[in-house]
Amino acid sequence: MKSVRVVVVGAGVIGFSTAVCIAEALPFCSVTLLAEKLSPDTTSDGAAGILFAAQFPDIPLDRQRRWFKDSFDHLLAIAQSSHSPDAGVMLSSGCQIFKEVPATKKPFWSEFVIGFRLMTDRELKRFPDHKYGQAFTTIKCECSTYLPWLEKRFRKTGGQVEQRKVNSLQELSNGYDIIVNCSGLGSITLVGDTEVYPVRGQVLKVEAPWLQHFIRDGDGTTYIYPGIHSVTIGGTKQEGDWRLQVDDGDTKSILERCSRLEPSIGKAKVASEWVGLRPSRRNLRLEREMMQLQGRRVPVVHNYGHGAWGVTLSWGTALDALGLVRQCLHEMPLRAKL
Amino acid sequence: MRVAVIGAGVIGLSTAQSIYQQYHSIASPLTIEVYADRFTPLTTSDGAAGFWQPYLYDNGKIQETKWNKETFDYLLSCLSSPESVKMGVFLQSGYNLFTEPVPDPSFKDTVLGFRQLTERELQMFPGYNYGWFNTALMVEGKTYLPWLMDWLQKRGVKFYQRKIDSFKELAETGADLIINCTGVRSGELQPDLELKPGRGQIVKVDAPWLKHWILTHDRYTESYNSPYIIPGSRLVTVGGVFQVGNWSEQCNSTDHKKIWENACELEPSLKHARIVEDWAGLRPVRSKVRLERETIQCGPTAIEVIHNS
């Protein structure tokens with residue numbers, strides 16, 4: 001009989017990864033996932049899902065390296081298996097190019113992606129505006145397929161999914177013993193975190209099946225990511241911008257910038273446009289907290305604020321959150337475990 | 001000057017294009033005609049995956065390495081043109097896999113970013129202990145040949161669907177120069193003991209999550225007799241067999257089974273791929289490319305023939 005009731009709030013890549021990690025590792029826990037939005041309406045669904053990390057300023061580097069490595073290795077195993085198309089996970093090779101030589105020549109994630117090397121002069125000739133580049137093979141994880149695949153895994157363990165907006169953690173204190181908060185931007189209102197802010201990103205999906213490589217400008221704002229059925233091109237990074245509607249000026253700018261990197265984009269048909277708000281924070285929040293809710297002391301594990309690196313850090317942070325849940329279990333009074 | 005090209009595969013059409021580019025203003029008036037019994041999409045070039053990679057070692061045939069390089073560089077330069085999509089030309093990276101270390105190939109400086117595979121990459125391919133990664137070019141025949149024909153037609157080149165039985169036949173119609181680009185069936189125009197068919201069979205599947213080509217090599221067999229997977233712009237080409245001396249253009253179910261099983265072992269996700277079609281074609285195999293001029297005496301007349309097969 002499942003004796004500990006865990007609830008995960010949020011059904012994006014962080015919510016589902018965390019829920020699966022917990023449900024698969026702790027069979028004596030009953031895990032329920034609650035979210036206002038489910039795939040295909042989450043922020044994760046529109047993301048290209050290319051594994052690629054930046055650095056949070058105040059988190060120990062070792063911890064960040066572990067997050068990246070765990071996520072990469074987990075998804076690589078899926079990409080190499082027969083599950084690859086079902087899970088929406090594939091290998092993707094390409095390059096990151098810079099107009100000026102970057103300060104960090106060997107970013108920390110360079111040892112975790114595959115075959116990382118500098119681009120040769122001949123390769124750079126294709127990009128007359130750029131003078132430096134890195135080539136490597138990484139993973140692309142398409143959440144519109146990956147999230148339903150994770151959901152299947154989650155349900156196999158007996159996990160329950162309920163579409164419901166959680167307005168306050170108070171609502172959950174009676175029904176659950178441990179709360180795991182993966183609500184992304186929702187944390188602003190759910191737990192009153194004023195450090196969370198949106199970074200608006202707009203992307204286009206185009207039909208260009210001849211493109212096999214990703215190309216990313218080191219500024220992080222212009223990129224071309226070929227996927228399973230279409231190519232995602234982008235983007236924008238508008239801090240504090242809450243607009244979810246497509247901006248025609250952004251569309252025009254994206255097409256111009258991407259065509260300059262890859263002229264054949266001009267021949268591609270635009271299939272759709274999408275806007276997502278990256279749930280950003282100076283540092284990702286992954287920690288536990290004891291909260292007083294409706295007269296009860298309830299442990300809460302926070303796993304949010306991944307910004308542009310949700311897919312990239314999803315499994316690693318989920319494993320870390322699982323560790324925090326284990327700590328909560330360890331400290332719980334015996335009667336709750338019976 | 002009247003030039004007659006026999007053969008409308010990638011060699012015939014490219015040759016016609018080159019001749020036009022080099023000579024249309026010099027040898028004016030220049031008439032170019034292309035004769036073939038098979039045009040796109042029925043040529044050998046149409047069935048091929050369209051992957052640029054020569055045999056691994058040229059064994060001293062440096063002229064061939066030079067031709068290969070010129071081809072690569074030319075196609076690479078086409079990428080920045082707005083025509084590249086219509087030409088069916090695009091870049092793709094991938095893996096050459098071996099069971100033991102081998103010397104670097106003749107084409108290592110021609111392709112982009114050539115390097116040895118890392119340990120981690122080799123772990124992705126159980127059974128293979130060594131390999132290379134590089135970026136190469138794809139030229140899809142089913143797109144490139146129609147593009148070439150359109151290019152030629154716009155410049156006045158005429159096409160005739162007709163089987164040519166002898167060089168004499170064309171010479172008698174008034175051709176000043178005949179270019180023989182007849183590929184595997186060259187022997188029907190002029191016996192060539194060195195020319196043999198290298199039969200290949202492929203399975204074309206829908207597997208759009210695959211973005212890298214993978215070629216395996218077995219030291220005991222010829223290239224392309226070992227599994228290979230080459231994604232294209234729409235479908236993935238899975239092979240392979242290389243049967244020298246086999247003239248059959250029919251698909252063989254034993255070959256299909258062997259190809260499919262080996263490929264699924266190499267790339268497990270293929271199990272989920274929808275099989276679209278099978279195809280068999282005859283590679284025009286020769287110890288070296290025949291590119292030479294010959295004057296054929298035909299009674300009182302001499303016929304100038306250039307062979308490019």
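To start, this report covers the structure provided alongside it. Quick caveat, the model's predicted, so the values are computed rather than measured. (Residues numbered from 1 in each chain as written. Chains lettered and ligands numbered in written order. Predicted model: local features only at pLDDT ≥ 70, side-chain atom pairs only at ≥ 80, totals over all residues. Heavy atoms only, no water.)

**With respect to the overall build of chain A**
Thinking step 1. A count of helical and extended segments in chain A gives 10 helices and 15 strands.
Thinking step 2. Over its C-alpha atoms chain A spans a radius of gyration of 20 Å, differing by no more than 12% from the 20 Å that the globule rule assigns to 338 residues.
Thinking step 3. Expressed as lengths along the three principal axes of its C-alpha atoms, the size of chain A is roughly 70 × 40 × 40 Å.
Thinking step 4. Looking at chain A as a whole, 59% of its 338 residues are labelled buried.
Thinking step 5. A separation of at least 24 residues holds for 75% of the contacts in chain A among residues at least 6 apart in sequence.
Thinking step 6. Total accessible area computed for chain A in this model is approximately 13,900 Å², and 51% of it derives from carbon and sulfur atoms. (Helix = DSSP H or I, 4+ residues; strand = E, 2+ residues; numbered from the N terminus. Rg over C-alpha atoms; globule rule 2.2 N^0.38 Å. Buried < 20%, exposed > 50% of the residue type's maximum accessible area, 1.4 Å probe, protein only. Contact = heavy atoms within 4.5 Å. Areas by Shrake-Rupley, 256 points an atom, 1.4 Å probe, with all protein chains shown as cover.)

**What about the environment of Arg297(A)?**
Residue and element names in this part refer to chain A.
Thinking step 1. Among the secondary structure elements, Arg297 is positioned in strand β15 (residues 296-304).
Thinking step 2. Taking relative accessible area as the criterion, Arg297 reaches 58% and is therefore assigned exposed.
Thinking step 3. The spatial distance from the C-alpha of Arg297 to the C-alpha of Arg66 is 31 Å, given a sequence separation of 231 residues.

**A look at the environment of Val8(A)**
Residue and element names in this part refer to chain A.
Thinking step 1. One can find Val8 in strand β1 (residues 4-9).
Thinking step 2. Between the alpha carbons of Val8 and Thr221 there is a distance of 32 Å; along the sequence they are 213 residues apart.
Thinking step 3. Once you skip the residues sitting within four places of it in the chain, Val8 turns out to touch Gly15, Ala19, Ile22, Val31, Thr32, Leu33, Leu34, Val180 and Cys182.

**Here's the deal with the side chain of Lys204(B)**
Residue and element names in this part refer to chain B.
Thinking step 1. Following the sequence through the fold, Lys204 ends up in strand β8 (residues 196-206).
Thinking step 2. Buried charge Lys204 goes without a salt bridge, the closest partner of opposite sign being Glu277 at 5.6 Å.
Thinking step 3. Among the polar contacts made by the side chain of Lys204, one reaches the side chain of Thr237 at a distance of 3.3 Å.
Thinking step 4. Not counting the four nearest positions on each side in its chain, Lys204 is found in contact with Gly47, Ala48, Leu235, Val236, Thr237, Arg274, Ile275, Val276 and Glu277. (Lys, Arg positive; Asp, Glu negative; His and termini not counted. Salt bridge = Lys/Arg side-chain N within 4 Å of Asp/Glu carboxyl O. Polar contact = N/O pair within 3.5 Å; in protein donor to acceptor, adjacent residues only side chain to side chain.)

**Brief notes about the pattern of salt bridges**
Any two side chains of opposite charge can pair, so long as their charged atoms come close to each other.
All names here are of chain A.
Thinking step 1. Using the criterion set out here, one finds 48 salt bridges over all chains in the structure.
Thinking step 2. The salt bridge partner of Arg282 is Asp58, with a shortest N-O separation of 2.9 Å. Of this pair, Arg282 sits in the loop between β13 (269-280) and β14 (285-293) while Asp58 sits in the loop between α2 (43-46) and α3 (61-80); the two residues are 224 residues apart in sequence, bridging distant segments of the chain.
Thinking step 3. Note that Arg65 is salt-bridged to Glu111, the shortest N-O span being 3.0 Å. Here the residue Arg65 occupies a position in helix α3, and Glu111 occupies one in the loop between β3 (89-98) and β4 (114-118), the gap between them amounting to 46 residues.
Thinking step 4. Overall, the relative accessible area of 23% leaves Arg65 in the partly exposed class.
Thinking step 5. The exposure class assigned to Glu111 is partly exposed, which follows from its relative accessible area of 46%.
Thinking step 6. Look at the salt bridges and you will find they share partners, linking Arg5, Asp177 and Arg296 into a network.

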